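Examination of the molecular architecture
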Amino acid sequence: MNSGLLLAFDGLDGCGKTTQLARFALRLRAAGHDVLETHEPTEGVWGRRIRAMARSGERVPADEELRWFVEDRAEHVEREIAPALAAGRTVLTDRYTLSTVAYQGARGLDWRELLADAEARFPLPDLVLLFEIEPAAGMARIRARGEPLEPSFEETGFLTRVAQVFAALPCSYIERIAGAGSVDRVEARVRAALERRLPDLF
Ligand code: TYD
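Values in this document were obtained by computation on a predicted structure and should not be read as measured data.

Within the structure shown, the criterion is met by 18 salt bridges. With a shortest N-O distance of 3.5 Å, Asp10 and Arg95 are connected by a salt bridge. Of this pair, Asp10 sits in strand S1 (residues 5-11) while Arg95 sits in the loop between strand S3 (90-94) and helix H4 (97-106), and the two are 85 residues apart along the sequence. Exposure remark for Arg95: the relative accessible area of 12% places this residue in the buried category. For Asp184, the salt bridge identified is with Arg23, shortest N-O distance 2.7 Å.

So this is what it looks like as structure tokens:
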């Protein structure tokens, strides 16, 4: 049993999860929580391999790509997430299992199977904040930040399929947040959702 809380922030590229995670971490720390902020893909060997692939636009077969993300997560859980939870820390991760379900599902793998495998193998999140945004709006945000797009993942047709899987996910631990609008407006939605789902947090 975990003694800490595992909260994941997930959604399409450009959905705002990273910004909201940083704000939420500040609030949690101010309230006295011992917070681990972390992300996937990680900075480990699998994560670096994934980023190099994403930047180059290289295509690896879907099964192989899945294996890279799952290896990366296995290392992440073993080295960082599980020890932090065992120590009672509050873990905030930018992407987690549902990214694999949605993105590798959109590559043509069976997302129901990916979800079942993920839930069997990795710690279940206490809550996933799933930020919902139109794929084109997410891509526009990435462009506005001046970041280069990662051609392996950030392409509207593919992201539309990813969004369809995210929309279909039935997990009770998901809280959906509308990601459109200003950072402050989205943060207000995050606060309201957390008060409802985890009223003892603050
Ligand atoms: P991203 O969150 O954009 O990482 P960073 O901003 O650090 O580069 O993640 C990179 C891409 O990887 C993103 O388009 C989603 C994709 N991805 C998957 O396809 N499967 C996964 O399991 C994860 C964690 C990410």
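Let us look at the site of the ligand. Lining the immediate surroundings of the ligand are 14 residues, of which Asp13, Arg95, Thr100, Tyr103 and Gln104 lie closest. Contact distances for the ligand include 3.3 Å between an oxygen atom and a side-chain N or O atom of Arg73. Calculation on the ligand without its partners gives an accessible area of 550 Å², and the protein chains cover 84% of this total. Among the secondary structure elements, those contributing two or more residues to the shell around the ligand are helix H3 (62-86) and H4. Broken down by element, the shell around the ligand gets its largest block of residues, 4 residues, from H4. Its residues assigned to classes, the shell around the ligand shows 4 nonpolar, 3 polar and 7 charged.

Per the counting criterion, the structure on display carries 8 aromatic pairs. The interplanar angle of 75 degrees and the centroid separation of 6.2 Å between the aromatic rings of Tyr103 and Phe153 together place this pair among those described as edge-to-face. Of the two residues, Tyr103 is situated in helix H4 and Phe153 in the loop between helix H6 (135-144) and helix H7 (156-168); the sequence distance between them amounts to 50 residues. Consider the rings of Phe153 and Phe158, whose centres lie 6.5 Å apart with planes at 45 degrees: the pair is tilted. Take Phe153: its relative accessible area is 6%, and that puts it in the buried class. Linked through ring pairs, Phe69, Tyr103, Phe153, Phe158 and Phe166 together constitute an aromatic cluster. The aromatic ring of Phe122 is capped on one face by Arg73, whose charged end is 5.8 Å from the ring centroid.

Calculation rules
- Residues numbered from 1 in each chain as written.
- Predicted model: local features only at pLDDT ≥ 70, side-chain atom pairs only at ≥ 80, totals over all residues.
- Heavy atoms only, no water.
- Salt bridge = Lys/Arg side-chain N within 4 Å of Asp/Glu carboxyl O.
- Helix = DSSP H or I, 4+ residues; strand = E, 2+ residues; numbered from the N terminus.
- Buried < 20%, exposed > 50% of the residue type's maximum accessible area, 1.4 Å probe, protein only.
- Near = heavy atom within 4 Å.
- Polar contact = N/O pair within 3.5 Å; in protein donor to acceptor, adjacent residues only side chain to side chain.
- Areas by Shrake-Rupley, 256 points an atom, 1.4 Å probe, with all protein chains shown as cover.
- Nonpolar A, V, L, I, M, F, W, Y, C, P; charged D, E, K, R; others polar.
- Phe/Tyr/Trp six-rings, centres within 6.5 Å; stacked < 30°, edge-to-face > 60°.
- Lys NZ or Arg CZ within 6 Å of the ring centre and 35° of its normal.

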